[in-house]
Amino acid sequence: MNPIQVGVVMGSSSDWDTMQHAVQILQEFGISFDARVVSAHRMPDDMFTYAESAAGRGMKCIIAGAGGAAHLPGMLAAKTVVPVLGVPVASKHLSGVDSLHSIVQMPKGVPVATFAIGAAGAANAALFAVAMLANEDPALREKLEAFRAQQTAAARGMTLPL
């Protein structure tokens, strides 16, 4: 069994509608991942343990989705040196703008890469994780290059064999 390369965490099970888009991309590229709920507010001890053990478990990055106050990505980043990719989840009242502002305004020294609100952000965070991993894996790089070529061809109204 492959060690987990990417963690996919969310603050609540209701975030799955967004975060499943990250998981789908990781599955498409054959990236080993772990997806779970680790709330910064409801289970901070579990979140600290998750973050503090990430590097030792071989994780290369963590994709963290959170809505509302969106503390999860920043709290994880404060407790690990593993890169954290933040995905703002759309909230009921402010459509995810509150989540975006919370994630993107991290203090100097606690970096969190921040992606678009919602499904596009989750998919792009996963593609960013794939690109990071592809730097050390030529076969994965070829697969990513083929994926990108297919996207370009589709934009031109063409299809390419993968």
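Above this text you will find the structure in question.
So, a few notes on the structure that sits alongside this text. What you see is a predicted model, and the numbers here were worked out from it, not measured in a lab.

The number of helices and strands found in the protein is six helices and five strands. Helices (α) and strands (β) of the protein occur, in sequence order from the N terminus, as β-α-β-α-β-α-β-α-β-α-α. Here the C-alpha atoms of the protein give a radius of gyration of 16 Å, agreeing with the 15 Å that 2.2 N^0.38 yields for 162 residues. In terms of principal-axis extent, the alpha carbons of the protein reach across some 45 × 35 × 30 Å.

Strand order across the open sheet formed by five strands is S2-S1-S3-S4-S5, with parallel pairing between neighbours. Two strands lie at the open edges of the sheet, namely strand S2 (33-37) and strand S5 (113-114), each paired on one side alone. On top of the sheet, helix H2 (residues 44-54) reaches strand S1 (6-10), S2 and strand S3 (61-67); it is set at about 165° to S1, its chief contact. Packed onto the sheet, helix H5 (residues 119-134) meets S1, S3 and strand S4 (84-89) and runs at close to 170° relative to S4.

Considering all chains together, one arrives at two salt bridges under this definition. With its nearest N and O atoms 2.8 Å apart, the salt bridge here joins Arg-36 to Asp-34. Given the relative accessible area of 38%, Arg-36 is considered partly exposed. A salt bridge links Glu-52 to Lys-79; the nearest nitrogen and oxygen atoms lie 2.9 Å apart. Of this pair, Glu-52 sits in helix H2 while Lys-79 sits in helix H3 (residues 72-79), and the two are 27 residues apart along the sequence.

We now examine the environment of Thr-18. Within the element layout of this structure, Thr-18 appears in helix H1 (residues 16-28). Classification of Thr-18 as buried rests on a relative accessible area of 12%. In this structure, the C-alpha to C-alpha distance between Thr-18 and Ala-66, residues 48 residues apart in sequence, is 9.6 Å. Not counting residues up to four positions away in its chain, the partners in contact with Thr-18 are Val-87, Val-89, Gly-118, Ala-119 and Ala-122.

If you look at the biggest cluster of nonpolar residues, it comprises 27 residues, and the most contacted ones within it are Val-6, Val-8, Leu-26, Phe-29, Ile-31, Ile-63 and Val-130. Listed by contribution, the elements that provide at least two residues to this core are S1, H1, S3, S4, H5 and helix H6 (138-155). Looking at which element gives the most residues to this core, the answer is H5, with nine residues. Contact partners of Leu-26, with chain neighbours within four places excluded, come to Val-6, Val-8, Ile-31, Phe-33, Ile-63, Ala-126 and Val-130. Ranked by size, the runner-up nonpolar core spans 20 residues in total, among them Tyr-50, Met-59, Ala-64 and Leu-72.

This next bit is on the side chain of Ser-99. Tracing the backbone shows Ser-99 in helix H4 (residues 97-104). Within the structure, Ser-99 has its side chain in polar contact with the backbone oxygen of Val-89 (distance 3.0 Å). With residues up to four places along the chain from it excluded, the contact list for Ser-99 reads Ala-66, Gly-67, Gly-68, Ala-70, Pro-88 and Val-89.

Thresholds applied
Residues numbered from 1 in each chain as written. Predicted model: local features only at pLDDT ≥ 70, side-chain atom pairs only at ≥ 80, totals over all residues. Heavy atoms only, no water. Helix = DSSP H or I, 4+ residues; strand = E, 2+ residues; numbered from the N terminus. Rg over C-alpha atoms; globule rule 2.2 N^0.38 Å. Pairing = 2+ DSSP bridges. Contact = heavy atoms within 4.5 Å. Axes fitted to C-alpha atoms, helices over the stretch in contact; angles between N-to-C directions. Salt bridge = Lys/Arg side-chain N within 4 Å of Asp/Glu carboxyl O. Buried < 20%, exposed > 50% of the residue type's maximum accessible area, 1.4 Å probe, protein only. Core = buried A, V, L, I, M, F, W, Y, C linked by side-chain atoms within 4.5 Å. Polar contact = N/O pair within 3.5 Å; in protein donor to acceptor, adjacent residues only side chain to side chain.

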